[in-house]
Amino acid sequence: MIFNEVGYYCFFLLPSILLFHLSKYSLRPWIITITGVLFFIYFGGIHFGGLFGSLAVIILLWEMLTSRFYKPKSLWSIFGVVQAIIVLCYFKYSGFFITIYNDLLNVFKLSDTQRFSNPILPLGISFFTFEFIHFASDRYKGKIGKTTLGEYGAFIFFFPTMVAGPIKRFEEFIPKLRCACVNLKLINRGITRILVGLAKKHALADTFGLISNSLNTDALYQADGITIIFWIFAYGMKIYFDFSGYSDIAIGSAYLFGIPVPENFNWPYLSRNIAEFWRRWHISLGRWIFDYVYVAVGGSLRSPIRTGFNLIMAFAVSGIWHGAAYNFIAWGLWHGIMMVIYRFWSYISLRLNVRLPAPVSIMITFIGVNLGWGLFCMDIKRAVFSFSKILAIL
C-alpha cells in the first residue's frame, strides 16, 4: 500500500502541496502533471515491475497528447475510447483470455494449449483507463468543452487518486482545480481524513485480515460451514476498512491541495437494499458503471426482462473490472442477480403495499453482500467448496 510509506508523504505529498500553493495559477496544472509523472515513475518502478513499470507512464503521456484531437462527434473521440479499452484488455486481461481459451480446449479434449506470460500490470491501470474512457466519451457527446493540455494532464496525473481512485469526472475536477487555494478548514479535514484512513487500515482492516486470511489456506478444507461464514464476514469488514481507508487517505490528500474529490463510501453496510448499497459502496465506480455501461446498453428504458439483462451485464463488467478471474465475474453476477431480485420485490411490495421493517431490510442486504464476498476473495474452486459447506448447514 503506497499510502503506508513515509516516502509518499515526505517526497511527494508535502513537496507537491508546497509547490502547488506557491505557484501561479497558470502553472498549477503543470505542477500536478509533473509531480504525477514522477510519482508514477517512482512507485510504478518499485511496486509494479521495475523499469517496465516506470516506462508505463508512456501510456498516460500518449493519452495526454492524443486527447488534443478529441472533439464532439469525432472519430478521434471514438479512437480514444477504443485505445483505452485495448490498453486495459491487453495489460489486465490478456492472460485471462488465454486461460479461458485453454479451459475451452480442455473441455472439448483438444490439445495445443497456449502458454502466455502476463504483461506487467501498470500502476492504477483500472482507474486511469476508466477516466480516459469518460473523457473521450463525454468529449464525443459534447458534454466537455475544449480544455488545455496542462489541465487534462493534471486530471489524469493527480496522484492522490491515481492508485485506487476515487474515479474523477473532468467537468467536476477542473473547476475545483482552477479555484483551489489555501483553505485551513480543508487542510484540517485533509489531515483528519488521512489519519482516519491509516487507522482504518492498520487497526481494523489488518485485524480482520488475520481472521479472513484462513480462506486462502488449507485450513479452509478442515473448517465447518459456520467457521467459513465467520471468515467470509470478517473479510467483508476487512475489505471495507481497507478500501474505505485507502479512499480516506486519497480524499484527505486531495483536500491538502484545496481540491475536493468525490466521496467513495457512505456507511454501505447500513443500506436497506442492494440498490442503496451501490449508492454507498465505491460510489465513483457505481456512477461510472451506471453512466458508461448500464445506460449505454439501454438502461431501464426497455422491457423488464431487458432491464434485468442490462443490470446483470453491467454488474458483470463491474466484477471483471475488479480482477481477471472467474470468481470476479461470479461476484459481479451475484450482485446483478441481487439487483434484479430487488427490483422484482420492489414491484411486488408496491402492488401489495408490503414493506419490510428497516432493521430486517438492512440485515438481509448485509448478509447478501457479505456472502458475495466469498466469491470475491477466493478462487472459484475454493468458493464452490465454501458454499457447499455453507449449504450443508442449512
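Residue numbering note: each chain is counted from 1, following its sequence as written. Confidence filtering applies because this is a predicted model: local features only for residues at pLDDT of at least 70, side-chain atom pairs given and counted only at 80 or more, and all residues used for totals across whole chains, interfaces and linings. Hydrogens and water molecules were not included; the side-chain quantities draw on all heavy atoms of the structure.

Q: Whenever I open this one, the overall build of the protein chain confuses me. Can you help?
A: Helix and strand definitions here come from DSSP, where helices need a minimum of 4 consecutive H or I residues and strands a minimum of 2 consecutive E residues; each element is numbered from the N-terminal end. When helices and strands are tallied, the protein chain shows 16 helices and zero strands. A radius of gyration in this sense is built from C-alpha atoms; the matching globule rule multiplies 2.2 Å by the number of residues raised to 0.38. In terms of overall size, the protein chain behaves like a compact globule, its C-alpha atoms giving a radius of gyration of 22 Å where 394 residues would be expected to give roughly 21 Å. Expressed as lengths along the three principal axes of its C-alpha atoms, the size of the protein chain is roughly 65 × 50 × 50 Å. Accessibility here uses a 1.4 Å probe with only protein chains present; expressed as a share of the type maximum, an area under 20% marks a residue as buried, one over 50% as exposed, and anything in between as partly exposed. For the protein chain, with 394 residues in total, the buried portion stands at 53%. Only heavy atoms enter the contact rule, under which two residues are in contact if any of them lie within 4.5 Å. Relative to all contacts within the protein chain whose residues are 6 or more apart in sequence, the contacts with residues 24 or more apart total 72%.

Q: Would you mind showing me how to read helix H5 (residues 75-107) here?
A: Each α-helix turn comprises 3.6 residues. Residues three or four places apart therefore point the same way. Taking 1.5 Å per residue as the helical rise, H5 with its 33 residues ought to reach 48 Å, whereas the 41 Å between its terminal C-alpha atoms falls clearly short. The N-cap residue of H5 is Ser74: its side-chain oxygen and the backbone nitrogen of Trp76 are 3.0 Å apart. Here a helix's expected span is defined as the number of its residues, less one, multiplied by 1.5 Å. As used in this structure description, the phrase polar contact means that two N or O atoms lie within 3.5 Å; if the pair is within protein, one of them must be able to donate a hydrogen and the other to accept it, and residues adjacent in sequence are counted only when both atoms belong to side chains.

Q: Sorry, what's going on with empty space enclosed by the protein here?
A: Left-over empty space is what a probe sized like a water molecule reveals as it rolls over the atoms. Put plainly, a pocket is an open set of points on a 1 Å grid over the protein atoms alone with protein on both sides within 12 Å along at least five of seven lines, a cavity is a set where a 1.4 Å probe fits but cannot get out, and a lining residue has an atom within 4 Å of a point. Grid points are joined across faces, edges and corners, and a volume is the space filled by probe spheres set on the points. With the rule as written, the count across this model stands at one cavity of 30 Å³ or more. One number sums up the size of the largest cavity: a volume of about 40 Å³. Surrounding the largest cavity, Lys168, Arg169, Glu172, Phe173, Lys176, Pro260, Val261 and Pro262 form its lining. Throughout this entry, Asp, Glu, Lys and Arg are counted as charged residues, while Ala, Val, Leu, Ile, Met, Phe, Trp, Tyr, Cys and Pro are counted as nonpolar. The remaining residues, Gly among them, count as polar. Looking at the lining of the largest cavity residue by residue, the class counts come to four nonpolar, no polar and four charged.

Q: Just checking my understanding: could you explain the nonpolar core for this structure?
A: Nonpolar side chains tend to gather and get buried jointly when the protein is soluble and globular. The set of buried Ala, Val, Leu, Ile, Met, Phe, Trp, Tyr and Cys residues whose side-chain atoms join them within 4.5 Å is what this entry labels a nonpolar core. Core analysis: the largest hydrophobic core is formed by 109 residues, its most contacted members being Phe39 and Trp373. In contact with Trp373, not counting residues within four places along its chain, are Ile232, Tyr235, Gly236, Ile239, Tyr269, Trp281 and Trp331.

Q: Please explain unusual backbone geometry as it appears in this structure.
A: Negative phi characterises most residues that are not glycine, and trans characterises most peptide bonds. Cis peptide bonds are those with omega within 30 degrees of zero, and the linkage from Gly165 to Pro166 qualifies with 0°. You can see Pro166 is positioned in the loop between helix H7 (149-157) and helix H8 (170-178). Positive phi values are uncommon outside glycine, yet His282 reaches one of about 40°. Assignment of secondary structure puts His282 in the loop between helix H11 (274-280) and helix H12 (283-294). Here His282 falls in the buried class, since its relative accessible area comes to 1%. Non-glycine residue Asn353 carries a positive phi angle of around 55°. With respect to the helices and strands, Asn353 occurs in the loop between helix H14 (326-352) and helix H15 (358-377). The exposure class assigned to Asn353 is exposed, which follows from its relative accessible area of 72%.

Q: Is there a simple way to think about the packing of aromatic side chains in this case?
A: Here the distance between the centres and the angle between the planes together describe a pair of aromatic rings. The aromatic pairing rule takes the rings of Phe, Tyr and Trp, using the six-membered ring of Trp, and pairs them if the centres are within 6.5 Å, calling planes under 30 degrees apart stacked, those over 60 edge-to-face and the rest tilted. This model, assessed by the stated rule, comprises 59 aromatic pairs. An angle of 20° between the planes, with centres 6.5 Å apart, marks the rings of Tyr269 and Phe277 as stacked. Its relative accessible area of 11% is what places Tyr269 among the buried residues. Ring plane angle 85° and centroid distance 5.3 Å describe the contact between Tyr269 and Phe366, whose orientation is recorded as edge-to-face. Residue Tyr269 is located in the loop between helix H10 (225-256) and H11, and its partner Phe366 is located in helix H15; the two are separated by 97 residues in the primary sequence. When the ring centre of Tyr25 is taken as reference, the NZ or CZ atom of Arg28 above it lies at 4.2 Å. Charge-over-ring placement is defined geometrically: NZ (Lys) or CZ (Arg) within 6 Å of the ring centre, and within 35 degrees of the ring normal.

Q: What's the story with a nonpolar patch on the surface in this structure? I'm lost.
A: Taken together, the side chains of Trp345, Leu352, Val354, Leu356, Val360 and Ile364 define a hydrophobic patch exposed on the protein surface, amounting to about 520 Å² of accessible area. When contributions to the nonpolar patch are tallied by element, the ones reaching two or more residues are H14 and H15. Among the structural elements, Ile364 can be located in helix H15. The patches reported here contain residues having more than 30% relative accessible area and no salt bridge. Joining distances are 9 Å for like charges and 5 Å for nonpolar side chains (Val, Leu, Ile, Met, Phe, Trp, Tyr). A 1.4 Å probe and the Shrake-Rupley method give the accessible areas. Residues count as covered only by the protein chains that appear here. Whenever Lys or Arg places a side-chain nitrogen within 4 Å of a carboxyl oxygen from Asp or Glu, that contact is recorded as a salt bridge.

Q: Please clarify how H15 should be interpreted in this entry.
A: The terminal C-alpha atoms of H15 lie 29 Å apart, and with 20 residues this matches the ideal 28 Å at 1.5 Å per residue to within 8%. Residues Ser361, Thr365, Gly368, Val369, Asn370, Leu371, Gly372, Trp373, Gly374, Leu375, Phe376 and Cys377 constitute the buried set of H15. Residues of H15 that are buried sit in contact with H10, H11, helix H13 (304-322), H14 and helix H16 (380-392).

Q: So what exactly am I meant to see when it comes to the side chain of His134 here?
A: Within the secondary structure, His134 sits in helix H6 (residues 125-140). Of the residues examined, His134 reaches a relative accessible area of 0% and is grouped as buried. When near neighbours in sequence (up to four residues on either side) are disregarded, His134 contacts Ile144, Phe155, Lys168, Arg169, Phe170, Glu171, Trp288 and Tyr292.

Q: When you look at the packing of H10 against H16 in this model, what are you seeing that I'm missing?
A: Orientation is described by lines fitted to C-alpha atoms, with helices fitted over the stretch in contact, and by angles between N-to-C directions that extend from 0 to 180 degrees. Across the interface, H10 lies against H16 with an axial gap of 8 Å and an inter-helix angle of 125°. For the element pair H10 / H16, the angle class is oblique. Read as a crossing pair, H10 and H16 show a hand that is left-handed. Counted together, Gly225, Ile228, Ile229 and Ile232 of H10 and Ser386, Lys389 and Ile390 of H16 form the full contact between these two elements. Considered class by class, the residues forming the contact of H10 with H16 number four nonpolar, two polar and one charged. Roughly parallel here means an angle under 35 degrees, roughly antiparallel means over 145, roughly perpendicular means 65 to 115, and every remaining angle is called oblique. By convention, the crossing between two helices is left-handed when the near helix turns anticlockwise from the far helix through less than a right angle, and right-handed when the turn is clockwise.

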